[in-house]
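Observations on the model geometry
Chain by chain, the residues run as shown.
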Amino acid sequence: MTQPDTRTLEVPGASLVYDVREPSGRSTFPTLILAASPMTADAFGTLASYFTDRTVVTYDPSGTGRGVRTDTTVGSTPRLHADDLAHLIDTLGTGPVDLFATSGGAVNALELVSRNPERVRTLVAHEPPLAKILPDRDMLLKACTDIHDTYLRIGMGPGMAKFITLVGWKGELSDAYFGAPAPDPAAFGLPIEDDGSRDDPLLAQNLLSCTGYDPDFQALAAASTRIVPAAGRESADEMAARGASALAARLGLNTVSFPGGHGGFMGDEYGMPGDPEGFAAVLKEVLQPARV
């Protein structure tokens, strides 16, 4: 695989930066896009290195990393990000792509497929935090609103500490979550002091619209795209993994199990390595039917 070729794409309201890794020889596989939100392309360097037999594309979503928003009057929503993905796929010009999308990226990808299925051959939807389709939706959405409000009131550390506590909660959310003392940011290595900023891509821009997303299951069921819900073996019963299972149940599909937890695909990009080699092996197996 060649070194990444970094390119810029102007889309409505934003300037996106994406990286294209070409195979060393001729490929018979569809282009593979690796996508997350609000996580940036940096998270996929190790995983991309295992796919030397095809073109691999990563990008920074609007409002994150190199994805500069030129219009901040429009909120970040799954539809906005799905439109950006559609523009990116069209710009690549390689035909329908394979799409591995994780976390908020999986939510955005579901919106893309529900409206533009012809652009995606196979979607692996890894741990979409679809709080709104879970049985404890009211509590989950209340907790997300509290995280957002905490961030706006006293800053990133306290807000992120609550977010980490929520996403690591096992099973349905209960009154015990709301009855517990607020988590200490220092316990997670987070800053205690408020730096005054209020533009965090997760806590300010994407948290509420992502977890509050309600998929169009009728459109997804009718889509030509092959949809593969996926979850980590170590994150069972956590909100995002539960979202994958609920998605699978609504579509009459099975959930594919991947190594590690929510970040099982990562190398040491953020100092929290998963099992990228094992993850890539499962992903290759899942994508095999998409060979052309």
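Shown above is the structure to which this text applies.
Reference entry: report on the structure contained in this document. (Residues numbered from 1 in each chain as written. Predicted model: local features only at pLDDT ≥ 70, side-chain atom pairs only at ≥ 80, totals over all residues. Heavy atoms only, no water.)

The next thing to look at is the pairing of strand β6 (residues 97-102). When you tally the buried positions in β6, you get six out of six residues, the bulk of the element. What you see with β6 is no split at all: Val97, Leu99 and Ala101 on one side and Asp98, Phe100 and Thr102 on the other are buried throughout. Both strand β3 (residues 32-35) and β6 contribute to a ladder of four bridges, which runs parallel. By the bridge assignment for β6, leucine 34 is matched with phenylalanine 100. Each parallel crossover has a hand, and the one from β6 via helix α3 (residues 104-115) to strand β7 (residues 120-126) is right-handed. (Buried < 20%, exposed > 50% of the residue type's maximum accessible area, 1.4 Å probe, protein only. Helix = DSSP H or I, 4+ residues; strand = E, 2+ residues; numbered from the N terminus. Pairing = 2+ DSSP bridges. Right-handed = clockwise from strand over helix to strand, strands pointing away.)

Another aspect to go through is the nonpolar core. Counting 57 residues, the largest nonpolar core has Ile33, Leu99 and Leu123 as the members making the most contacts within it. When neighbours within four sequence positions are excluded, leucine 99 is seen to be in contact with Leu32, Ile33, Ala35, Ala109, Leu112, Val120, Thr122, Leu123 and Val124. In terms of nonpolar packing, the next biggest core, distinct from the first, is built from 22 residues, Ala36, Phe100, Val282 and Val286 among them. (Core = buried A, V, L, I, M, F, W, Y, C linked by side-chain atoms within 4.5 Å. Contact = heavy atoms within 4.5 Å.)

Before going further, it helps to spend a moment on the pattern of salt bridges. Here the structure, examined in full by the defined rule, presents 12 salt bridges. Residues aspartate 98 and arginine 54 are paired through a salt bridge, measuring 2.9 Å at the closest nitrogen-oxygen approach. Here arginine 54 lies in the loop between α1 (45-48) and β4 (56-59) and aspartate 98 lies in strand β6, a separation of 44 residues in the sequence. Of the two residues examined, aspartate 98 and arginine 54, each falls in the buried class. Between aspartate 90 and arginine 119 there is a salt bridge, with the nearest N and O atoms lying 2.7 Å from each other. (Salt bridge = Lys/Arg side-chain N within 4 Å of Asp/Glu carboxyl O.)

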